[in-house]
Each structure stands twice: as structure tokens, then as C-alpha cells.
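Okay, here's what each chain looks like letter by letter:
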Amino acid sequence: MDFGLSEKMQVVLPLIDEFVENELIPLEPDFLRRPFTDLLPVIEEKRRMVKQMELWAPNHPVEFGGMGLNLVAHGLVSEALGRSPLGHFVFGCHAPDAGNIEILHLHGTAAQKEKYLKPLVAGEIRSCFSMTEVDLAGSNPVLMDTTAVLENGHWVINGQKWYTTAADGSAFAIVMAKTDPEASPYLQASMIIVPTDTPGFNLVRNIPVMGHSGEDYFSHAEILYQNCRVPEENLLGPRGHGFVIAQERLGPGRIHHCMRWLGICRRAFDLMCHRALHRPIGPGKTLAHKQIIQSWIAESAAEIEAARLMVLNAAWKMDREGSKAARREISLIKFVVANTMQRVVDRALQVHGGLGMTDDTVLAFFYRHERAARIYDGADEVHKVSAARQILKGYEGRKVR
Ligand SMILES: Cc1cc2nc3c(=O)[nH]c(=O)nc-3n(C[C@H](O)[C@H](O)[C@H](O)COP(=O)(O)OP(=O)(O)OC[C@H]3O[C@@H](n4cnc5c(N)ncnc54)[C@H](O)[C@@H]3O)c2cc1C
């Protein structure tokens, strides 16, 4: 394994760290107290700065205006960006657009690339991914009620989705719908591009999540597709290959989340250590003098370091052998990093006492917002089952003494 930094990355990483520290973290008080839409003008300004520095879209292909970094390099960038909730958005490598860009890049037609991919990579429009349904277990997406029927050159889509992240304000959704209900289960669904101004695309509500409905990019919508008609050529990838493409999208998507969570760990850890050193609890004593706090700091440092090496290892394997070969590693990091982050943020919040519960630091936002890490893109339990199955396969027919 080689996680050594190229010359380019030795220059880029400190620049990004500095940008996050000086340009993004100061926006947090406003971000935490005001609607996200109020911040959009200043965010656009920061995005212009990032583009001028030629740091825009680090993970996206050079031919579409990105930096074309491999996964190990992007992992380090992503960790730096994850320290701020705005990092990935300001640098143009945010979910769900990042995953949708990958799908359009790999499977889009020339016309789809021109109309959707180009402005998406440039950050001129946003998109969402609409797969999970209200009434059926998202952990087994083959259970899907949404249908798309071909009628006179148009797909007619009907169904109810929720948790379509960032649908509010998106230009289009990539919708998973059953187009071939008679086919074998994994070949029944297709991906279809649906512009959000299409009649029949009804955004019912932004779902309140942990007490906040959010808006615009920071929201999760319930959407009712009612006789929503889009041209036949809006099919994305081969008909019936929706689940195959979704699997391709979720591999890199999961590692991208893990990389961002490491940045959250770093930020929470920094805040915890700083607070411990500066919170007096008696004459000449601070929280840092207490063994229980020292234990949290040592445990957090060890857990973050272990999680980080696991993520870099998975990225290194994916760079060399592709996401299929790294399925076991991806399943392992998905639940390990999500739980590490949850523990580290929880300890940091606890060290801050009452202050930790307020929005005067970013910790409460991380605590609320990132609990979902153990649920989306495969719940912990699903990844544990998947990893265990793959591990056990290696023991079949093997003699162990
Ligand atoms: C913040 C957030 C953002 C999201 N964004 C999107 C998005 O942009 N687009 C989209 O389509 N979806 C999105 N989702 C939906 C997400 O993918 C689903 O919530 C997830 O797949 C789980 O499905 P479910 O909620 O239906 O839970 P269920 O499938 O009902 O599972 C419930 C629980 O059962 C347990 N469980 C499930 N399967 C197993 C198993 N095999 N073995 C043991 N235990 C099991 C797990 O503990 C799981 O948490 C998002 C969800 C959240 C919370």
C-alpha cells in the first residue's frame, strides 16, 4: 500500500485546509442559524474563488472541468473538506450530485451529457436521486412500487418516494422505477431522468429530520410521481439495468461518505481537545486533567486513525482493482466509520456540556445530521451481513486448526 502524497497533493492539501479554515468555518454561525438559501450568494462567491484556484470538482473527470483525482487523493481532500458542513458543496463534490455525475458520465447519451452532465459538473444546476419509497423497505430496493410505462414515446411514471435528498431546488431527478415487472427481480427497474418542472413531479414536503425540515440543498423530500411523463430518450443506461447501475454508483458513493465523515471526526476531535484544555473545573485544573476525558481523547484518536487507514486501504484497492473487488472493504468501512464518527461527535458534545447542545458550535448539527450515516446507503446491519457473508465464503472448504 502506498498513501504517499504526490507533489501536486503536497501543494493542494494545505491550500484546501487553509480555505476551509479561513473562508468556510467563519460562515458557520450564519449557516447554523439562518435558512440555507440566505447563504447562497456568499456560497456562490466562495465557489468562484475555488474555481479560480483550480480546485473545483476534485473527483470529477478533467474532460468535464474537474481535477480528476484518484480515490486515495480525493479521500485526503474530502477529509479536509469534511471539517465544514459546507466543504463539499463549495468545492463541487457533494452528494447526491457526485453520484449522479458518475452515472451520467458512464451511462449518459451524448445529448444527456450535454444537457445534464455539463451544467451539473459546473455547479450551475443541482440534481437528486429518487429511489427509496415510503411504504417499502429501502434495505431491499427490489421491493419497489414505482412504475414507468412506455406510452407513445413517453415514460409515464407513478409512485411515491421519500428521502430524495436535495430535491428542493434541483433541476432534475434520477428516478428508479419498474419498467420490466416480468423480468427477474434485479432486471425489473430502470433509471429515468425527470426534470423537476415536469407536470406530475409533485414535491409534497421536505421531511422534518431530527426536528428540521431544512430547505434547498440541505433537505430531504417526499415526492409523488403522478402520471409524470418524460420522453423515452430520458432513459439513463440500458433498460432494466437500474439496480446494476445503482450498485456501481453506491460503491464510490459509500467511500465518499466515509471520507467526509473522517473530516467530521477531525473537526469534532479538535473541538473536544480545545475545550478540554480551556475549560477550568477548579483551581489550576481544566477538564483535560480528568482521566475520563483523557481516555475519550485517546480512544477517539485511536479509532479515527484506524478508520482512516481502513478508508485509505479501501480507496487504494478501488483505485487499483475497481469497486467490485473492494466490496468487502467498502462494507466494513461503511459501518466502522459511521459508528466511529458517532462516538467521536458524541464524546466531543459531552465534553462541551450544555454548550454542546446549542448551535453555538457545529457539534449539535453534526450530531443531528450525521446520525443518518448508520442508515443511508445501506444500514449498519446490511453491511455487516454482507461483509460476514463474503468473509465466510473464504472459509468454505478450508481446513482451520
Ligand atoms: C438522511 C437520509 C438521506 C437519504 N437520502 C436518500 C436519497 O437521496 N435517495 C434515496 O433514494 N434514498 C435516500 N435515503 C433512504 C435510505 O437509503 C434508506 O433509508 C435506507 O436504504 C434504509 O431503508 P429504510 O429507511 O426503508 O429502512 P428499512 O429497510 O425498513 O430498514 C430498517 C432497519 O432494519 C434493519 N435491517 C434492514 N435490513 C436488514 C438486514 N438484512 N439484516 C438485519 N437488519 C436489517 C436496519 O437496522 C435498518 O435500519 C436517505 C435516508 C436518510 C436517512
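All of these numbers come straight from a predicted model, not from anything done at the bench.

Visitor: Can you explain the site of the ligand? Please cite residues and give values.
Guide: Residues in contact with the ligand amount to 20 residues; listed here are only the nearest, Met-131, Ala-137, Gly-138, Ser-139 and Thr-165. Elements with a contribution of two residues or more to the shell around the ligand: strand E1 (127–130), strand E3 (154–165) and helix H13 (380–393). Residue composition of the shell around the ligand, grouped by class: 12 nonpolar, seven polar and one charged. When residues of the shell around the ligand are assigned to domains, at least three fall in each of domain 2 (127–236) and domain 3 (244–393).

Visitor: For the packing of helix H6 (residues 97–107) against helix H8 (residues 242–278), give the residues involved together with the corresponding values.
Guide: It is the contact of H6 with H8, at a shortest axis distance of 9 Å, that shows an interaxial angle of 140°. On the basis of their axis angle, the class for H6 and H8 is oblique. For H6 against H8, the interelement crossing comes out right-handed. Contacts from Ala-98, Gly-99, Glu-102, Ile-103 and His-107 in H6 reach Ile-245, Arg-249, Pro-252, Gly-253 and His-256 in H8. The class makeup of the residues in the contact of H6 with H8 is four nonpolar, four polar and two charged.

Visitor: Describe the domain arrangement of the protein, naming the residues involved and giving the relevant values.
Guide: A common way to state how big an interface is: give the accessible area lost once the parts meet. As far as domains go, the protein holds domain 1 (7–100), domain 2 (127–236) and domain 3 (244–393). On a C-alpha basis, the centroid separation for the pair domain 2 and domain 3 is 30 Å. Across the boundary between the two partners, domain 2 contributes five residues, which contact six residues of domain 3. Looking at the side of domain 2 that touches domain 3 residue by residue, the class counts come to four nonpolar, one polar and no charged.

Visitor: With reference to specific residues and values, describe the environment of Asp-17.
Guide: Relative to the assigned elements, Asp-17 resides in helix H1 (residues 7–24). For the pair Asp-17 and Val-77, spaced 60 residues apart in sequence, the C-alpha to C-alpha distance is 8.7 Å.

Visitor: Explain the nonpolar core to me, and be specific about the residues and the numbers.
Guide: Among the nonpolar cores identified, the biggest contains 104 residues, and Ile-192, Val-194, Ile-255, Ala-268, Val-311 and Ala-348 are the most heavily contacted of them. The greatest single-element share of this core, amounting to 15 residues, is contributed by H8. Excluding its chain neighbours within four sequence positions, the residues that come into contact with Ile-255 are Leu-71, Val-311, Ala-314, Ala-315, Met-318, Ile-330 and Ile-333.

Visitor: I'd like a description of H8, backed by residues and values.
Guide: Between the first and last C-alpha of H8 there are 53 Å, a value that for 37 residues agrees with the 54 Å anticipated at 1.5 Å per step. When you tally the buried positions in H8, you get 27 out of 37 residues, the bulk of the element.

Visitor: Could you give an account of the packing of helix H10 (residues 327–351) against H13, with specific residues and numbers?
Guide: Look at H10 against H13: their axes get within 9 Å of each other, and the N-to-C directions meet at 145°. In this structure, the crossing between H10 and H13 has a hand that is left-handed. For the pair formed by H10 and H13, the contact residues are Arg-327, Arg-328, Ser-331, Leu-332, Lys-334, Phe-335 and Ala-338 on the first element and Asp-380, His-383, Lys-384, Ser-386, Ala-387, Gln-390 and Ile-391 on the second. Here the contact of H10 with H13 is composed, by residue class, of five nonpolar, four polar and five charged.

Visitor: Which residues make up the environment of Glu-329, and what values go with them?
Guide: Here Glu-329 lies in helix H10. Overall, the presence of 21 C-beta atoms within 10 Å leaves Glu-329 in the buried class. It is 8.0 Å that separates the C-alpha atoms of Glu-329 and Ala-387, two residues lying 58 residues apart in sequence.

Visitor: Run through the environment of Tyr-163, naming residues and quoting values.
Guide: Looking at the element boundaries, Tyr-163 is found in strand E3. Linking Tyr-163 and Thr-132, residues 31 residues apart in sequence, is a C-alpha distance of 6.6 Å. Beyond its immediate chain neighbours, meaning those up to four positions away, Tyr-163 contacts Thr-132, Ile-207 and His-220.

Visitor: Explain H6 residue by residue, including any values.
Guide: Here H6 lies mainly inside the structure; eight of its 11 residues are buried. Residues of H6 that are buried: Asp-97, Ala-98, Gly-99, Asn-100, Ile-101, Glu-102, Ile-103 and Leu-104. Each element contacted by the buried residues of H6 is listed here: helix H7 (110–121), E1, strand E4 (172–178), strand E5 (189–195), strand E9 (235–236) and H8.

Visitor: Lay out unusual backbone geometry with the relevant residues and their values.
Guide: Outside of glycine, negative phi angles account for most residues, and trans bonds account for most peptide bonds. The peptide bond linking Ala-95 to Pro-96 adopts the cis configuration, its omega dihedral lying at -5°. Positive phi, normally seen in glycine, also occurs at Asn-227, with a value near 45°. Positionally, Asn-227 belongs in strand E8 (residues 218–231). Note on Asn-227: 11 C-beta atoms within 10 Å, which makes it exposed.

Parameters at a glance
Residues numbered from 1 in each chain as written. Predicted model: local features only at pLDDT ≥ 70, side-chain atom pairs only at ≥ 80, totals over all residues. Near = placed C-beta within 6 Å. Helix = DSSP H or I, 4+ residues; strand = E, 2+ residues; numbered from the N terminus. Nonpolar A, V, L, I, M, F, W, Y, C, P; charged D, E, K, R; others polar. Domains from an automatic or database assignment. Axes fitted to C-alpha atoms, helices over the stretch in contact; angles between N-to-C directions. Parallel < 35°, antiparallel > 145°, perpendicular 65-115°, else oblique. Left-handed = near helix turned anticlockwise from the far one by under 90°. Contact = placed C-beta atoms within 7 Å. Core = buried A, V, L, I, M, F, W, Y, C linked by C-beta atoms within 7 Å. Buried ≥ 20, exposed ≤ 12 C-beta atoms within 10 Å, placed from the backbone. Expected span 1.5 Å × (residues − 1).

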